[in-house]
Amino acid sequence: MIEFRSVSKTFPGGARAVEEFSLVIPARRITVLVGSSGSGKTTLLRMINRMVEPTSGTVEIDGASVLERDPVTLRRSIGYVMQNSGLMPHFTVLDNVATVLRLNGTSRRDAHARARELLGTVGLDQSLAERYPSQLSGGQQQRVGVARGLAADPNILLMDEPFGAVDPIVRTELQRELLRLQRELDKTVVFVTHDIDEAFLLGDRIVILGAGARIVQEGTPEEILTAPANDFVAAFIGADRGKRALRVEQRAHGTVVVDADGRVQGTLSPESAPASPGTTAGGMD
Ligand SMILES: Nc1ncnc2c1ncn2[C@@H]1O[C@H](COP(=O)(O)OP(=O)(O)OP(=O)(O)O)[C@@H](O)[C@H]1O
């Protein structure tokens, strides 16, 4: 569990990126921080591994303040994946993935063996191991970034718009892979995005942020979709638009689900159709 307690951050020069931010981030779940540009998402993420130091307040991991940990050791114990993969251009894929392990004292041989294993975990072919980052596609680079983030087998994985720079098809693929990985590896993931669709797809919990990282609403996707806290959230999630505002209509050949623009999005099978008033669900008696 990660806990922010009244955390503020003012950068030199006076930008108040985060003001009195408090939040509990549950273990073994994906928590998504979503908000518009400049709302302080990256600053929050980087205060977890002390890449940014809070001006006041504390960040705790399992009850212990990160401010009391050695920043270098702390950083190496937490996975970090960023938008442009952050790979070292003159290192091979294998060496990029193995770096943290080497820094933590693992032998070259063992670090490479583990790195090869991780390429498999993130769905990359072993034949890419000796390539350099510039010889990979954007999507492959991001996978290497994820493998590197997982190298030290951290409990916590911080992801800062990791799929922001790839095309929509690859992005969908990477999102699915992350959900699969999470089911397999059971990490505490803190994921930053400005894309509300991505937040709904990935988040077990979603935190919608306004300026200064003010929490506008926090909850499960279901809670936010069914009860947006205010007009800002409703507008941000597009509550009255397209696929967020579905209704059921009876048509000649069956029951269909129609979006806010009147387009048919799918069908409703008899088993999942809501029971009409007066009927008993199940109907066995
Ligand atoms: N190193 C820095 N020095 C000065 N100001 C900074 C620094 N880093 C961030 N800021 C400012 O703090 C505020 C929050 O920035 P942050 O990067 O956390 O926002 P964000 O929500 O992640 O934005 P984006 O979605 O554009 O990445 C912004 O006003 C930004 O200009």
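Residues numbered from 1 in each chain as written. Predicted model: local features only at pLDDT ≥ 70, side-chain atom pairs only at ≥ 80, totals over all residues. Heavy atoms only, no water.

Q: Explanation requested: the domain arrangement of the protein in the structure shown.
A: Quoted interface sizes are often the accessible area lost when the parts come together. Domain assignment breaks the protein into domain 1 (2-241) and domain 2 (243-272). Of the residues lining the interface, nine residues belong to domain 1; the matching set on domain 2 comes to four residues. Taken together, both faces of the contact between domain 1 and domain 2 bury some 460 Å²; the carbon and sulfur share is 44%. Linking domain 1 to domain 2 there are two salt bridges. Across the pair Asp 197 and Arg 244 runs a salt bridge whose closest N-O atoms are separated by 2.5 Å. On inspection of domain 1 and its partner domain 2, the count reaches four residue pairs in polar contact (both at pLDDT 80 or more). Per element, the largest residue contribution to the side of domain 1 that touches domain 2 is three residues, and it comes from helix H7 (residues 196-202). When grouped by side-chain class, the residues that make up the side of domain 1 that touches domain 2 number five nonpolar, one polar and three charged. (Domains from an automatic or database assignment. Contact = heavy atoms within 4.5 Å. Buried area = accessible area lost by both parts, 1.4 Å probe. Salt bridge = Lys/Arg side-chain N within 4 Å of Asp/Glu carboxyl O. Polar contact = N/O pair within 3.5 Å; in protein donor to acceptor, adjacent residues only side chain to side chain. Helix = DSSP H or I, 4+ residues; strand = E, 2+ residues; numbered from the N terminus. Nonpolar A, V, L, I, M, F, W, Y, C, P; charged D, E, K, R; others polar.)

Q: Teacher, can you tell me more about the packing of helix H3 (residues 93-103) against helix H5 (residues 138-150) here?
A: Two measures define how a pair of helices packs: the angle their axes make with one another and the distance between the axes. One way to put it is that H3 packs onto H5 with a least axis distance of 7 Å and a crossing angle of 30°. When the interaxial angle is binned, H3 and H5 end up roughly parallel. Judged by the twist between their axes, the crossing of H3 over H5 is right-handed. Of the residues in H5, those in contact with Val 93, Asn 96 and Val 97 of H3 are Val 144, Ala 147 and Arg 148. (Axes fitted to C-alpha atoms, helices over the stretch in contact; angles between N-to-C directions. Parallel < 35°, antiparallel > 145°, perpendicular 65-115°, else oblique. Left-handed = near helix turned anticlockwise from the far one by under 90°.)

Q: Got a minute to help me understand the UniProt feature "domain: ABC transporter" (unreviewed entry) in the protein in this structure?
A: Taking the UniProt record as the reference, the feature "domain: ABC transporter" (unreviewed entry) is found at residues 2-237. Between the first and last C-alpha atoms of residues 2-237 the distance is 26 Å; the span itself is 38% helix and 25% strand. (UniProt positions renumbered as here; feature names shortened; annotations may be inferred.)

Q: Would you take a moment to explain the packing of aromatic side chains for this structure?
A: Geometry of an aromatic ring pair is reported as the spacing of the ring centres plus the angle between the planes. Enumeration over the complete set of coordinates arrives at three aromatic pairs. Aromatic side chains Phe 4 and Phe 21 sit 5.1 Å apart centroid to centroid with 90° between the ring planes, which places their arrangement in the edge-to-face category. Taken as a pair, Phe 4 in strand S1 (residues 2-10) and Phe 21 in strand S2 (residues 16-25) lie far apart in primary sequence, 17 residues in all. Summarising the burial analysis for this pair, Phe 4 and Phe 21 share the class buried. Relative to Phe 191, the ring of Phe 163 lies with its centre 5.8 Å away and its plane at 55°, an arrangement referred to as tilted. A residue pair is termed long-range when its members are at least 10 positions apart, and Phe 163 in the loop between strand S7 (156-160) and helix H6 (168-185) and Phe 191 in strand S8 (residues 188-193) qualify at 28 residues. Each member of the pair Phe 163 and Phe 191 is classed as buried. (Phe/Tyr/Trp six-rings, centres within 6.5 Å; stacked < 30°, edge-to-face > 60°. Buried < 20%, exposed > 50% of the residue type's maximum accessible area, 1.4 Å probe, protein only.)

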